[in-house]
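Take a look at the letters that make up each chain.
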Amino acid sequence: MSAAAFKLCMLGDFGVGKTSLVSRFVHSTFSEKYLTTVGVKVDSKKVDLPGRAPCKLVLWDIAGRSHLDALNMTYLRGASALLLVADGTRERSLHTALNLLMQARTLLPEVVAVLAINKLDLVEQWEVAPAALEELRRTLSVHETSARSGEGVEAAFADIATRLAA
Amino acid sequence: MQHAESGNGDRLDAPVIRVAAPDAAAPASDLDRLKDILLGDELGALDALDARVEKVEREQSELPARLPGAIESAEQDGAERMAHALAKPVAHALGTAVRENRQVIVDVLFPVIGPAIRKAIAEALRNLVTDVNGAIESSFTPRGLRWRFEAWRSGVPYAQIAIKDTLNYGIDHVFLIERGSGLVLDRESAPHLPDLDSDAIAGMLTAIGEFVRDSVGSGGGTLDSARVGEHLLWVVHGPRANLACFLHGVPPPRLHALLEQRLEALHAGFGADGRSVDDASRESLHPEVLMYEARAADRSAALSASPWPMRIVSLAALALLGWMIVRNERANAWVESVRARLASHHGFVLTGIERQGRDALIARGLFDPDAEPVATALGDDAPRVTLDTVGYVSTDDAIVARRARRLLAAPQSVTIAVDGGALALGGRAVAAWVDTARERAAWVPGVRRVDFSVASESDEAARARDELDTLAGSLPERRVAFVRETELAPDAAAVFEAIVGDALRAQSLAATAGVSITWIATGTNDDPGSDATNARVRAERARWLADALAARGIADVRTAADDDASDVSQRSAFLRFVLAEAQP
């Protein structure tokens, strides 16, 4: 029997590293040019969960936007989870991610949401204050990731898979 | 036990001790206090019931305002239960509305029905265009003719045969995709194809479909098909799932209808979660199953199609073919007829004949100027035949004879005959001509041998002979007419005198020419009368003429009563003569 599949949408401002995170996590089938043409690129990744049946994440890497237009909202339809990506070196990208979450919840009120603060390899340049992250952790699952080194990437996706399979 | 009222007027169920309020103006009577003591519990129960009724009435009056919120909260708590609870009443209400307010329902559904009808019509026209294009493109090729023969033999429409043979196709993948999320509900692929990331492909397909729809901007439009080279994508849309079919080649139109039917069946068989697909449905999506059923549907449609249109077309084609064959045979027969007439025409050698247009010919050949014009051989066909001739000298006996008469300038008293190139000259002619002709006869082209036997005569005798020849032709034209039997007509006497004159002149000429004359009087009759009577009358008239001539000095006139019995034009008698060379 095939693994249960869940639609996961990657949301975040332009340049925060969504596509890099996906590339680190999966071997892409489609070219990234679809991000600039269609506005989305879809990949899939089977995730093994300890003590549970594996599940498949279908990753919709939506082109970076500060807000969701009508087309992007259609891309969100049927999503089970959101991976909000922010750039730790740009505090404004965190605000954008949270705004995107607010928009997405109007369409997907029960969606599982996880926040990834990317570019951990540049942690010394981070503008996002640790205190702010601690505050966010009270309402969101927050992961610190580095698409460049791969640190925290698997964990972020595994966290989402675990929550979806629960 | 007694009950009390709350400060806001609501009656409470909790039992309390009822204490009568002191009222100096209306002191409670003993009877009232007794009632309170005896009926206190019942009065409390009545008050509680009043409160309940009042609460129910208030809730009912507030129900319309609270109902939308209640439905929304029920939808969040358990959508399936809510849907299940409302299914029957909504269906019943919809049925009642259709019966009682049909126009309202029609108005509401109009925006939906219109596009659906247009889509169905467009699909049907697309299928028709596909059939027509296939038929036209292959109509007159050898392969198309073979299909026509097969269609005629089997009774299957031509378009079906053409599509069956030409439209080789294959189904590579069939995706059942959840409409909202783009997740794959099922995927069936043809054997031996490399594995692929079906989730990613289904997701991208869904995203591209949304992108196209958003880009086009027309309300309700969908991405139904896409073609890249020989690869084709069909997307059949359903309310909960779409069916995406990846093909190569040119599939038959019935396959699309089959996919639509299959998607409808899948929607009817979705599990309780709206996503699960049972094994039977999964099997029905397999490419080989779909292709087999599409072929079966084609065959079924072919068998059920009326054979009459094809029969009529076949009959028309046969009639046309027959007419063409007959026309061609007639044209060939005409050509052969012209060829035979030209080939038998003396002095013309046919070297080639070819058609020019539908009913005209060009005949090429060699033509001797001494021959009769070719047009005489063609008769009425002459205007339709163009002659392209080159001159030549014929050795045909008839042409050589004509050539000899022309080159030798032979008089009519000279007979000319050619047989196998041998020229025979006979008769008589003046001595000068005889001398010249004897010398030149052998020079005539085509003459291999000369048999010259023309007798020489003096010029006077020759002239007498020529005049005798003329009289021999003109004398029988003079007719002595009779009214009946041997009773002369009014002008008969004058004619008779002319005959006498000619006869005397002939006798004189015969003496000069040295020939003897044999006279013959002949009687004729008209049509009425028996054969015996007519023969008698003819004999009497001939005798009358012979006797009359004898009376004028022209003796020894023979009669020919039975001669020329077929001449029934008039009641007459005439004279003719035969010359014979005088015995030496």
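Residues numbered from 1 in each chain as written. Chains lettered and ligands numbered in written order. Predicted model: local features only at pLDDT ≥ 70, side-chain atom pairs only at ≥ 80, totals over all residues. Heavy atoms only, no water.

Engineer: Outline the overall build of chain B, listing residues and values.
Structural biologist: Looking only at helices and strands, chain B features 16 helices and 19 strands. Sorting the 584 residues of chain B into buried and exposed places 34% on the buried side. Residue pairs in contact within chain B that sit at least 24 positions apart in sequence constitute 59% of those at least 6 positions apart. Element-wise, carbon and sulfur atoms account for 57% of the exposed surface of chain B, whose accessible area totals about 34,900 Å². (Helix = DSSP H or I, 4+ residues; strand = E, 2+ residues; numbered from the N terminus. Buried < 20%, exposed > 50% of the residue type's maximum accessible area, 1.4 Å probe, protein only. Contact = heavy atoms within 4.5 Å. Areas by Shrake-Rupley, 256 points an atom, 1.4 Å probe, with all protein chains shown as cover.)

Engineer: Give a detailed account of unusual backbone geometry, specifying residues and quantitative values.
Structural biologist: Residue and element names in this part refer to chain B. Although it is not a glycine, histidine 192 sits at a positive phi angle of roughly 70°. Relative to the assigned elements, histidine 192 resides in the loop between strand E4 (184–189) and helix H6 (198–216). By relative accessible area, histidine 192 is classed as exposed at 83%. Its identity as a non-glycine residue notwithstanding, aspartate 556 has a phi of 55°, on the positive side.

Engineer: Any chance you could break down the nonpolar core for me, citing the residues and the numbers?
Structural biologist: One finds Leu11, Trp60, Tyr75, Leu76, Leu82, Leu115 and Ile117 of chain A to be the most contacted residues of the largest nonpolar core, which totals 49 residues. No other element matches H6 of chain B, which puts six residues into this core. Not counting the four nearest positions on each side in its chain, leucine 82 of chain A is found in contact with Leu8, Cys9, Leu11, Leu76, Leu101, Ala104, Leu108, Val111, Val112, Ala113, Val114 and Ile160 of chain A. (Core = buried A, V, L, I, M, F, W, Y, C linked by side-chain atoms within 4.5 Å.)

Engineer: Tell me about the packing of aromatic side chains, and please be specific about residues and values.
Structural biologist: All names here are of chain B. Taken as a whole and assessed by the stated rule, the structure comprises seven aromatic pairs over all chains. With 5.5 Å between their ring centres and 65° between their planes, phenylalanine 175 and phenylalanine 246 make a pair best called edge-to-face. Placement of the pair is phenylalanine 175 in strand E3 (residues 169–178) and phenylalanine 246 in strand E7 (residues 241–249), with a sequence separation of 71 residues. Looking at phenylalanine 175, the relative accessible area reads 1%, which means it is buried. (Phe/Tyr/Trp six-rings, centres within 6.5 Å; stacked < 30°, edge-to-face > 60°.)

Engineer: Before we move on, could you go through the packing of helix H14 (residues 459–474) of chain B against helix H15 (residues 492–513) of chain B and cite the residues and values that matter?
Structural biologist: Residues and elements named next belong to chain B. Running from N to C, H14 and H15 point in directions that differ by 145°, and their axes come no closer than 8 Å. The element H14 and its partner H15 pack so that their crossing is left-handed. The residues of H15 that touch H14, namely those facing Glu460, Ala461, Ala464, Arg465, Glu467, Leu468 and Leu471, are Asp502, Arg505, Ala506, Leu509, Ala510, Thr512 and Ala513. Across the contact of H14 with H15, the residue classes break down as eight nonpolar, one polar and five charged. (Axes fitted to C-alpha atoms, helices over the stretch in contact; angles between N-to-C directions. Left-handed = near helix turned anticlockwise from the far one by under 90°. Nonpolar A, V, L, I, M, F, W, Y, C, P; charged D, E, K, R; others polar.)

Engineer: Before we move on, could you go through the interface of chain A and chain B and cite the residues and values that matter?
Structural biologist: Each side of the interface is counted separately: chain A has 21 residues, and chain B has 18 residues. Of the roughly 1,600 Å² buried at the junction of chain A and chain B (both faces included), carbon and sulfur atoms supply 66%. Connecting chain A to chain B are two salt bridges. The partner of aspartate 199 of chain B in a salt bridge is lysine 56 of chain A, and the shortest N-O contact between them spans 2.5 Å. Taken together, chain A and chain B are joined by four residue pairs in polar contact (both at pLDDT 80 or more). Taken together, the elements giving at least two residues each to the side of chain A that touches chain B come down to strand E1 (4–12), helix H2 (33–37), strand E2 (40–47), strand E3 (55–62) and helix H3 (70–76) of chain A. If one sorts the elements of the side of chain A that touches chain B by residue count, E2 of chain A sits on top with five residues. Among the residues forming the side of chain A that touches chain B, the class breakdown is eleven nonpolar, five polar and five charged. (Buried area = accessible area lost by both parts, 1.4 Å probe. Salt bridge = Lys/Arg side-chain N within 4 Å of Asp/Glu carboxyl O. Polar contact = N/O pair within 3.5 Å; in protein donor to acceptor, adjacent residues only side chain to side chain.)

Engineer: An account of the pairing of strand E19 (residues 572–581) of chain B is requested, with residue identities and associated values reported.
Structural biologist: Consecutive side chains along a regular strand alternate between the two faces of the sheet. All names here are of chain B. In this structure, strand E15 (residues 480–484) lies alongside E19, joined through two bridges in antiparallel fashion. Note on E19: the bridge partner recorded for valine 480 is alanine 573. Here strand E17 (residues 515–524) runs beside E19; their pairing, made up of ten bridges, is antiparallel. Bridge assignment links serine 516 to a residue of E19, and that residue is alanine 580. (Pairing = 2+ DSSP bridges.)

Engineer: Can you break down the environment of alanine 147 of chain A residue by residue, with the values?
Structural biologist: Residue and element names in this part refer to chain A. Mapped onto the elements of the fold, alanine 147 is located in the loop between strand E6 (141–144) and helix H6 (153–165). For the pair alanine 147 and lysine 119, spaced 28 residues apart in sequence, the C-alpha to C-alpha distance is 6.7 Å. The residues contacting alanine 147, other than those within four sequence positions of it, are Ser20, Leu21, Arg24, Asn118 and Val153.

Engineer: How would you summarise the confidence of the model for chain B if you had to cite specific residues and measurements?
Structural biologist: All names here are of chain B. On average, residues of chain B score 82 in pLDDT, and 87% of them are at 70 or above. This model gives residues 1–22 a pLDDT under 50, and the stretch forms 28 contacts once residues within four places in sequence are excluded. Predicted as a complex, the structure gets a pTM of 0.45 and an ipTM equal to 0.86. (pLDDT = per-residue confidence, 0-100.)

Engineer: Account for a nonpolar patch on the surface, naming residues and giving values.
Structural biologist: All names here are of chain B. A cluster of nonpolar side chains, Leu31, Leu34, Ile37, Leu38, Leu39, Leu43, Leu46 and Leu49, forms an exposed patch at the surface whose accessible area comes to about 800 Å². Relative to the helices and strands, leucine 43 is located in helix H1 (residues 30–77). With a relative accessible area of 39%, leucine 43 lands in the partly exposed category. (Patch = residues over 30% accessible without salt bridge, like charges linked within 9 Å, V, L, I, M, F, W, Y side chains within 5 Å.)

Engineer: Outline the side chain of serine 413 of chain B, supporting the account with residue identities and numerical values.
Structural biologist: Residues and elements named next belong to chain B. Within the secondary structure, serine 413 sits in the loop between helix H12 (397–408) and strand E11 (414–419). When its relative accessible area of 15% is taken as the criterion, serine 413 is described as buried. A polar contact of 2.5 Å, which involves the side chain of serine 413, links it to the backbone oxygen of arginine 428. Among residues more than four places away in sequence, those in contact with serine 413 are Gly426, Gly427, Arg428 and Ala429.

Engineer: How would you explain the sheet that holds E1 of chain A if you had to name every residue and give the values?
Structural biologist: With respect to topology, six strands assemble into an open sheet ordered E2-E3-E1-E4-E5-E6 (chain A), the strand pairing being mixed. What marks the edges here is a single partner per strand, and that holds for E2 and E6 of chain A. Geometrically, the sheet is characterised by an average inter-axis angle of 25° between neighbouring strands, direction not taken into account. The pairing of E1 of chain A with strand E4 (residues 81–87) of chain A spans five bridges and is parallel. Residue pairing for E4 of chain A: methionine 10 of chain A is matched across the bridge by leucine 83 of chain A. Its contacts with the sheet place H6 of chain B against E1, E2 and E3 of chain A, and it is angled at close to 155° to E2 of chain A.

Engineer: I'd like a rundown of the pattern of salt bridges, residues and numbers included.
Structural biologist: Residues and elements named next belong to chain B. Across all of its chains, the model carries 33 salt bridges over all chains by this definition. Of the charged contacts in the structure, one is a salt bridge between glutamate 336 and arginine 339, with a shortest N-O distance of 3.4 Å. Residue glutamate 336 and its partner arginine 339 are located together in helix H10 (residues 308–343), separated by three residues, close to a single helical turn. Counted as one network, the salt bridges with shared partners bring together Asp368, Asp370, Arg403 and Arg406.

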